[in-house]
Amino acid sequence: MELMETDAMFLLRRLIGADSVQTRIPGGPRKLVRKFGKKGPAKGQFNMVCGVTFTKTGDIIVADTENHRIQIFTDDGLFKLKFGQKGPDQDKLNYPMCVVMTPDENIAVTDTVNARLKIFSQEGEFVREHGDDGVFDFPYGLAMSSDGWFVVTDICKHNVTVLNPEGGVYTQFGSYGDGPLEFDHPYYVAIDKNKQIIVSDNGNTCVKFFTFDGQPIQTFNMADFKLHEEHFISLQGLCIDSDNNIIIIGNNTVYILAINGRFWEIILPREGVTSPKCIAFSPSGYLVLTQSNLGQAHEVLVFNYNMADFRSLHMLPLSVMSASSTSGNGNSSS
């Protein structure tokens, strides 16, 4: 399936809904530490920012989708480098969406309209690409295992592709639908420490777990999330912290997914989250998320995050967690 340029722009705008501005939030203890970026084409500015990841030294890598480039910042949000321009060539990008770091510290990116997975050095030099044999129609979400395997979601094929470190197809699974092995626009993907593949299946409003071979393990849906004040939730980016917690964006809130499928609030809209897209866990323990919309919100937000606050979620019996979700005022905060 090939997308015309105008069709791709329309789809991307539906999906992701001067000098840089870098602000450190003053005052006492807060979750929001700093934010940076505003709308524009200059260095440090964004147009529909989406994917985010980190280098081992803590630099922040961002996919600046509608500027067709990758930008790199220090962990303090200071601009370091940008690379990429719009085009169909190997060293060009056409609506880059998600980014991860490879084990050798190169940058892998889903180049959506070009239907490729591309790898660049941190200096912006093209290294290699995968998918020129028609593997992808519209590669979107991207995750990487610690041993160098790629997992890519495709929102036009409604499937997931696992590539070995050399880029060969290990397996593909999924098709359009609402069954255990089906998807409706699987936006984002993560890999946990047990090498389980976790997919945010946006159209079906559920989170699905699979073995690395693509066998279904478990599905959590709205009934499991226990969001009594939410009648609909749009699932966006997800990541794994160093305690193997699954952190996921739903609407304008960031949650931890507990072992019984319940969503526990950790970052709320009142803390500056308005239109979040992707989230990543930094080597220094912060949560960093991107947000963008058709207005002026095109920025990166950095939040404090204390994993110790949520370790009890792995120790509570499921019966206790289920009982707590139906008591009180129905709030899902921990």
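Each remark here, short or long, concerns the structure printed above.
Rules used in this analysis
- Residues numbered from 1 in each chain as written.
- Predicted model: local features only at pLDDT ≥ 70, side-chain atom pairs only at ≥ 80, totals over all residues.
- Heavy atoms only, no water.
- Helix = DSSP H or I, 4+ residues; strand = E, 2+ residues; numbered from the N terminus.
- Buried < 20%, exposed > 50% of the residue type's maximum accessible area, 1.4 Å probe, protein only.
- Areas by Shrake-Rupley, 256 points an atom, 1.4 Å probe, with all protein chains shown as cover.
- Salt bridge = Lys/Arg side-chain N within 4 Å of Asp/Glu carboxyl O.
- Phe/Tyr/Trp six-rings, centres within 6.5 Å; stacked < 30°, edge-to-face > 60°.
- Pairing = 2+ DSSP bridges.
- Axes fitted to C-alpha atoms, helices over the stretch in contact; angles between N-to-C directions.
- Contact = heavy atoms within 4.5 Å.
- Polar contact = N/O pair within 3.5 Å; in protein donor to acceptor, adjacent residues only side chain to side chain.
- Core = buried A, V, L, I, M, F, W, Y, C linked by side-chain atoms within 4.5 Å.

From N to C terminus, the chain includes 3 helices and 25 strands. The buried share of the chain, reckoned over its 334 residues, is 58%. Total accessible area on the chain stands at roughly 13,700 Å², and carbon and sulfur atoms take up 49% of it.

Turning our eyes to something else, we now look at the pattern of salt bridges. Tallied over the full model, the rule gives 9 salt bridges. In this structure, the salt-bridge partner of Asp-76 is Arg-34, at a minimum N-O distance of 3.4 Å. Remark: Arg-34 occurs in strand 2 (residues 32-36) and Asp-76 occurs in the loop between strand 5 (69-73) and strand 6 (79-83); sequence separation between them is 42 residues. Linking Glu-129 and Arg-116 is a salt bridge whose minimum nitrogen-to-oxygen distance equals 3.7 Å. You can see Glu-129 sitting in strand 10 (residues 126-130) and its partner Arg-116 sitting in strand 9 (residues 116-120), a full 13 residues away along the chain. Classification of Glu-129 as buried rests on a relative accessible area of 18%. A single salt-bridge network, built from bridges that share partners, covers Asp-89, Asp-91 and Lys-92.

Considering all chains together, one arrives at 17 aromatic pairs under this definition. Geometrically, the ring pair formed by Phe-36 and Phe-73 is tilted, given 4.8 Å between the ring centres and 50 degrees between the ring planes. On the criterion of sequence distance, the pair formed by Phe-36 in strand 2 and Phe-73 in strand 5 is long-range, its members being 37 residues apart. On the accessibility criterion, Phe-36 (1% relative accessible area) is buried. Relative accessible area serves as the criterion here: at 0%, Phe-73 is assigned to the buried category. Geometrically, the ring pair formed by Phe-173 and Phe-210 is tilted, given 4.9 Å between the ring centres and 45 degrees between the ring planes. Note that Phe-173 is positioned in strand 14 (residues 169-173) and Phe-210 in strand 17 (residues 206-210), a separation of 37 residues in sequence. As far as the burial class goes, Phe-173 and Phe-210 line up, both buried.

A few words now on the sheet that holds strand 12 (residues 150-154). Strand order in the open sheet formed by 4 strands is 11-12-13-14, with antiparallel pairing between adjacent strands. In this open sheet, the two strands that pair with only one neighbour each are strand 11 (139-144) and strand 14. For this sheet, the mean inter-axis angle between neighbouring strands, taken without regard to orientation, is 20 degrees. Sheet analysis places strand 11 next to strand 12, joined by 4 bridges and oriented antiparallel. Following the sheet pairing, Ala-143 is matched in strand 12 by Val-151.

Its place among the elements puts Gln-291 in strand 24 (residues 287-292). Judged by its relative accessible area of 0%, Gln-291 falls in the buried class. In this structure Gln-291 touches Val-49, Gly-272, Val-273, Thr-274, Ser-275, Pro-276, Lys-277, Ala-297, His-298, Glu-299 and Leu-301, once residues within four positions along its chain are discounted. In this structure the side chain of Gln-291 is engaged in a polar contact, spanning 3.2 Å, whose partner is the backbone oxygen of Gly-272. Engagement of the side chain of Gln-291 in a polar contact is seen with the side chain of Glu-299, the distance being 2.7 Å.

Let's shift gears to the nonpolar core. Leu-117, Val-207 and Phe-263 are the most contacted members of the largest nonpolar core, which totals 53 residues. If you tally residues by element for this core, the top one is strand 3 (residues 49-54), at 4 residues. Contacts of Val-207, omitting those with residues within four sequence positions, involve Ile-198, Val-199, Gln-218, Thr-219, Phe-220, Phe-225, Leu-235, Ile-248, Leu-257 and Phe-263. One finds Ile-256, Ile-266, Ile-279 and Leu-301 within the second-largest nonpolar core, a separate group that totals 18 residues.

Ordered by their spatial adjacency, 4 strands build an open sheet running 19-20-21-22, and the pairing between neighbours is antiparallel. Only two strands of the sheet have a single partner each, and these edge strands are strand 19 (235-240) and strand 22 (263-267). Recorded for the sheet is a direction-independent mean angle of 30 degrees between the axes of neighbouring strands.

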